[in-house]
Structure formats: structure tokens, C-alpha cells
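# Commentary on secondary and tertiary structure
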Amino acid sequence: MPVKIRLQRHGKKGKPFYWIVAADSRAKRDGKYLEKLGTYNPNTNPATIDLSVDGAVKWLQNGAQPTDTARAILSYKGALLKNHLTGGVKKGALTEEQAEAKFNAWLEEKEGKIGAKSEGLAKAQADAKAKVLEAEKAVNEARIAAAVPAVEEAPAEAEATNEEE
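What counts and what doesn't
- Residues numbered from 1 in each chain as written.
- Predicted model: local features only at pLDDT ≥ 70, side-chain atom pairs only at ≥ 80, totals over all residues.
- Heavy atoms only, no water.
- Helix = DSSP H or I, 4+ residues; strand = E, 2+ residues; numbered from the N terminus.
- Buried < 20%, exposed > 50% of the residue type's maximum accessible area, 1.4 Å probe, protein only.
- Lys, Arg positive; Asp, Glu negative; His and termini not counted.
- Salt bridge = Lys/Arg side-chain N within 4 Å of Asp/Glu carboxyl O.
- Polar contact = N/O pair within 3.5 Å; in protein donor to acceptor, adjacent residues only side chain to side chain.
- Contact = heavy atoms within 4.5 Å.
- Core = buried A, V, L, I, M, F, W, Y, C linked by side-chain atoms within 4.5 Å.
- Phe/Tyr/Trp six-rings, centres within 6.5 Å; stacked < 30°, edge-to-face > 60°.
- Arc of directions from axis to C-beta.
- Pairing = 2+ DSSP bridges.

## Describing the side chain of Arg6
- If you trace the backbone, Arg6 turns up in strand E1 (residues 3–12).
- One buried charge, Arg6, has no salt-bridge partner; the nearest side chain with opposite charge is Asp24, at 7.2 Å.
- Reaching out from Arg6, the side chain makes a polar contact with the backbone oxygen of Ala27 at a distance of 2.9 Å.
- With residues up to four places along the chain from it excluded, the contact list for Arg6 reads Trp19, Ile20, Val21, Ala23, Asp24, Ser25, Ala27, Lys28, Arg29, Thr67 and Ala70.

This is how it looks when you write it as C-alpha cells:
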């Protein structure tokens with residue numbers, strides 16, 4: 001029974017939400033699966049991915065083949081790296097502690113990059129909001145300035161007619 005790690009689509013039209021599952025390759029896309037490994041929500045920025053890394057590594061070591069998109073997600077979350085490091089431990093190239101230290105260092109670096117992207121997006125959004133607010137203030141000031149001379153001219157004209165009489 002060939003097993004694939006793939007995405008199973010959920011959510012409504014135009015708002016996809018995916019489950020990452022290990023399924024028999026002959027099963028339908030949204031059909032029967034062997035184990036749910038996590039979720040993937042591409043609607044958020046950055047995309048939200050919850051993945052059981054240990055479960056994914058277990059299936060990879062048992063011979064499951066990820067699809068292209070699932071491979072990208074597994075790589076992004078570090079499941080492929082952990083699988084690689086586990087293979088090195090089995091071969092005796094490094095110890096369990098060394099492999100765990102390398103994986104944790106990689107995770108910290110990855111979290112830093114994700115945090116920096118989130119901060120950059122939040123800053124860009126705040127800058128855009130400030131720019132819109134400034135433009136709105138300028139429009140309001142121009143509108144007020146256009147209305148003020150008309151109000152000042154009316155009393156001046158009334159005084160001029162009073163002086164003529």
C-alpha cells in the first residue's frame with residue numbers, strides 16, 4: 001500500500017483550509033486517510049501551519065512520499081531536516097544529543113525569521129494606515145479652508161452695504 005503525505009482540502013469556496021494527512025495514494029483527495037498530521041491555512045499572512053513533526057518523521061521513515069506542496073510544508077517546518085538527522089543518528093554519524101541540538105538551533109533561527117516577517121508586515125500596515133490618515137487630514141483641511149473664505153466674504157459684503165447707506 002503506497003502511502004502519500006498530502007493536503008486534504010476543507011473550507012469554503014475561495015477560502016481554502018487544508019489538513020496535512022498521510023493517506024493511501026489510491027484514496028480520493030478528500031477521502032479516507034490514515035492519520036491527520038496537521039493543518040495549513042494559506043489565508044493568513046504568513047500562512048499558518050500546525051504540524052506534528054514527529055508524526056511526519058515517523059511516516060517518512062516508513063516510506064511515505066510527500067507531494068510537492070506537502071514536501072515544501074514539511075521542509076518549512078523542519079520535518080525533512082529532522083528525518084535527515086535521524087538517518088544520521090542511525091548510521092552513527094552523530095549522536096542523538098547532537099542531532100537534537102542542531103534541530104533546536106535551526107528551529108530558533110526559523111522562528112526569528114518568521115517573527116521578523118510578521119513585524120515587518122505589521123509595520124508596513126501601520127505605515128499605510130498613517131499615510132491614509134494624513135491624506136484624510138489634508139483633504140479635511142482643504143475642505144475647511146475652502147469653506148472659511150466664503151464665510152468671511154459674506155460679513156465683509158454686509159459691512160460694505162452698511163457703509164454705503
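Resuming the write-up.
## Details of the nonpolar core
- Among the nonpolar cores identified, the biggest contains 24 residues, and Ile5, Ile20, Leu37, Tyr40, Leu51, Trp59 and Leu74 are the most heavily contacted of them.
- The set of elements that each furnish at least two residues to this core consists of E1, strand E2 (15–24), strand E3 (35–41), strand E4 (48–51), helix H1 (53–61), helix H2 (68–77), helix H3 (79–91) and helix H4 (96–164).
- Looking at which element gives the most residues to this core, the answer is H1, with 5 residues.
- Once you skip the residues sitting within four places of it in the chain, Leu37 turns out to touch Ile5, Ile20, Val21, Ala22, Asp50, Leu51, Ser52, Gly55, Ala56 and Trp59.

## Here's the deal with the packing of aromatic side chains
- Scanning the entire structure with this criterion turns up 3 aromatic pairs.
- Centroid distance Tyr18 to Tyr40: 5.9 Å. Interplanar angle 20°. Geometry classified as stacked. With Tyr18 in strand E2 and Tyr40 in strand E3, this residue pair connects regions lying 22 residues apart in the sequence.
- Relative accessible area serves as the criterion here: at 19%, Tyr18 is assigned to the buried category.

## As for H2
- Restricting attention to buried positions, one finds in H2 the residues Ala70, Ile73 and Leu74. The buried residues of H2 occupy an angular sector of 100° when the element is viewed end-on, so they sit on one face.

## Brief notes about the pairing of E4
- Only one face of E4 is buried, namely the one carrying Ile49 and Leu51, since none of Thr48 and Asp50 on the opposite face is buried.
- Looking at chain direction, E3 and E4 are connected through 4 bridges and run antiparallel. Bridge pairing in E4 links Thr39 to Asp50.
- Linking two consecutive strands that pair antiparallel, namely E3 and E4, is a turn of 6 residues.

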